[in-house]
Every structure is written in structure tokens, then in C-alpha cells.
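Read off the chains here:
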Amino acid sequence: MKNLKLISIALLILFSFNKGIAQTYKIDLTKSIVNWAGKKITGQHEGIVNFKDGYLVFKDKKVTGGSFTVNMKTLSNTDQTGSSKLKLEGHLKSEDFFSIDNFSTATLVFKSIANKGNNTYLINADLTIKGITNTNQFDLVVNGNKATATLTVNRTKYDIKYGSGSYFDDLGDKTIYDDFELNVVVAY
């Protein structure tokens, strides 16, 4: 009986000390994805890019941190096939856009997090593309062991100016909008 009491006290102490300890969860690379969409006057293109690694940090079941790296070499187009698909992917990977030979990864690191309730968090994060870092703000929604977010990114802030009406005149229907959208699903 005395041993049972000591075990109970030890478990109570252990539980008390563990309360409030941050837990880090690596993302499941097979179930996590970044979907992108870029628009131009005459339509849009869509595709995916895969994560290289990443994690979310929780404390008392609340998001307290996160860091993610995507492999830019996996950038692909999903709305075209054949030579059109290959041509667009090659152009997006070139110096005109993401310059993946020089910058093979892009990163997102959480800087501040505000709990909005209902498992929704307002995130301020540093997004680094082509070695250039800018702050991006977005909502992160956690549901079970999955988190989703939609980010709007102004590509010109990362020295991606090709086809931008903000930098070039007389582009007409060849104008590509400065903002592109990332729809992110992170499973952990």
C-alpha cells in the first residue's frame, strides 16, 4: 500500500512538472502540401510544391511556434500537360521567377502568434524566397492533427518582377499579377 502511495505521488509530481511544456510535432511530409495559384489577365495557373521539412510547436494544446521549409525543385504545374506544362515549370524555376538553381528552398518561420479562438491563430511569419525575407500575416486553423492556412504573397517583394504591371508598361494581356496565393495543408 505504501508503494502504491509513493507511485501515485511520483505520477502527480511528474504530471505537474510536464504541464505547460512545449511539444514539437514534425510534419508528415506524405500528407502535407503547398498548393499555389498565380493569376494573369488572361487566366491563371496552379500547381504544388512539396515540403522538405517542418514542425509546429504546441504548449497547453495551443500553437506557440512553427517553422517550415519547402523544396523549390519540386515546384510543378497541375493545370497543364505535355510541353505546355514543362515550359511553364521551366520558366517558373528560371531566373525570371524563383531561380531554383541558386535558391533551392524557401522558408516560413513563425514570429508572433495571437490566439483568435476556435483553434484559429493570427500568425506573423518571416517568409524567405530567393534569399529575401519579408513578413507575411495569415490565419492558421488547427483541426485535429492538421493545420491549414492561405497566404497571399506579393512576388515583387522577392525580386520576382517578370511580367509585372507594377514595373513594366505596355504588357497588355501579358500582365501577370503581383500577388500569388498559397493554400497550405500541414499534417503532423
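Here, every reference points to the structure presented above.
Below or above, wherever it landed, is the structure these notes cover. A quick note: this is a predicted structure, and the numbers were derived from the prediction, not measured.

1. A few points about the pattern of salt bridges
It is possible for side chains bearing opposite charge to pair when their charged atoms get close. Taken as a whole, this structure holds five salt bridges when the rule is applied. A salt bridge links Lys 111 to Asp 126; its shortest N-O distance comes to 3.9 Å. Of the two residues, Lys 111 is situated in strand S5 (residues 105-117) and Asp 126 in strand S6 (residues 120-129); the sequence distance between them amounts to 15 residues. Among the residues examined, Lys 111 registers a relative accessible area of 55% and is labelled exposed. A salt bridge links Asp 178 to Arg 155; its shortest N-O distance comes to 4.0 Å. Of the two residues, Asp 178 sits in strand S9 (residues 176-187) while Arg 155 sits in the loop between strand S8 (146-154) and S9, which places them 23 residues apart along the sequence. Residue Asp 178 is classed as buried on the basis of its relative accessible area, which comes to 15%. Given the relative accessible area of 3%, Arg 155 is considered buried.

2. Overview of the packing of aromatic side chains
Per the counting criterion, the structure on display carries eight aromatic pairs. Relative to Tyr 188, the ring of Phe 58 has its centre 5.4 Å away and its plane inclined at 35°; by these criteria the two rings are tilted. Here the residue Phe 58 occupies a position in strand S3 (residues 43-59), and Tyr 188 occupies one in the segment after S9, the gap between them amounting to 130 residues. Take Phe 58 and Tyr 188: they sit in the same class, and that class is buried. Through pairs of rings, three or more aromatic residues link up here, namely Phe 51, Phe 68, Phe 110 and Phe 138.

3. Description of the side chain of Thr 175
Tracing the chain through its elements places Thr 175 in the loop between S8 and S9. Residue class for Thr 175 comes out buried when judged on its relative accessible area of 13%. Here the side chain of Thr 175 touches Gly 172 through a polar contact of 2.9 Å, landing on its backbone oxygen. Setting aside residues no more than four positions away along its own chain, Thr 175 makes contact with Lys 40, Ile 41, Gly 163 and Gly 165.

4. Focus on helix H2 (residues 82-93)
Between its first and last C-alpha, H2 extends 17 Å over twelve residues, near the 16 Å set by a 1.5 Å rise per residue. Leu 88, Glu 89 and Leu 92 are the residues of H2 that are buried. The arc that holds the buried residues of H2, viewed along the axis, is 100°, so those residues lie on one side. Among the exposed residues of H2, those pointing more than 90 degrees away from its buried face are Ser 83, Leu 86 and Lys 87. Taken together, the buried residues of H2 touch strand S2 (33-40), S3 and strand S4 (62-77).

Rules used in this analysis
- Residues numbered from 1 in each chain as written.
- Predicted model: local features only at pLDDT ≥ 70, side-chain atom pairs only at ≥ 80, totals over all residues.
- Heavy atoms only, no water.
- Salt bridge = Lys/Arg side-chain N within 4 Å of Asp/Glu carboxyl O.
- Helix = DSSP H or I, 4+ residues; strand = E, 2+ residues; numbered from the N terminus.
- Buried < 20%, exposed > 50% of the residue type's maximum accessible area, 1.4 Å probe, protein only.
- Phe/Tyr/Trp six-rings, centres within 6.5 Å; stacked < 30°, edge-to-face > 60°.
- Polar contact = N/O pair within 3.5 Å; in protein donor to acceptor, adjacent residues only side chain to side chain.
- Contact = heavy atoms within 4.5 Å.
- Expected span 1.5 Å × (residues − 1).
- Arc of directions from axis to C-beta.

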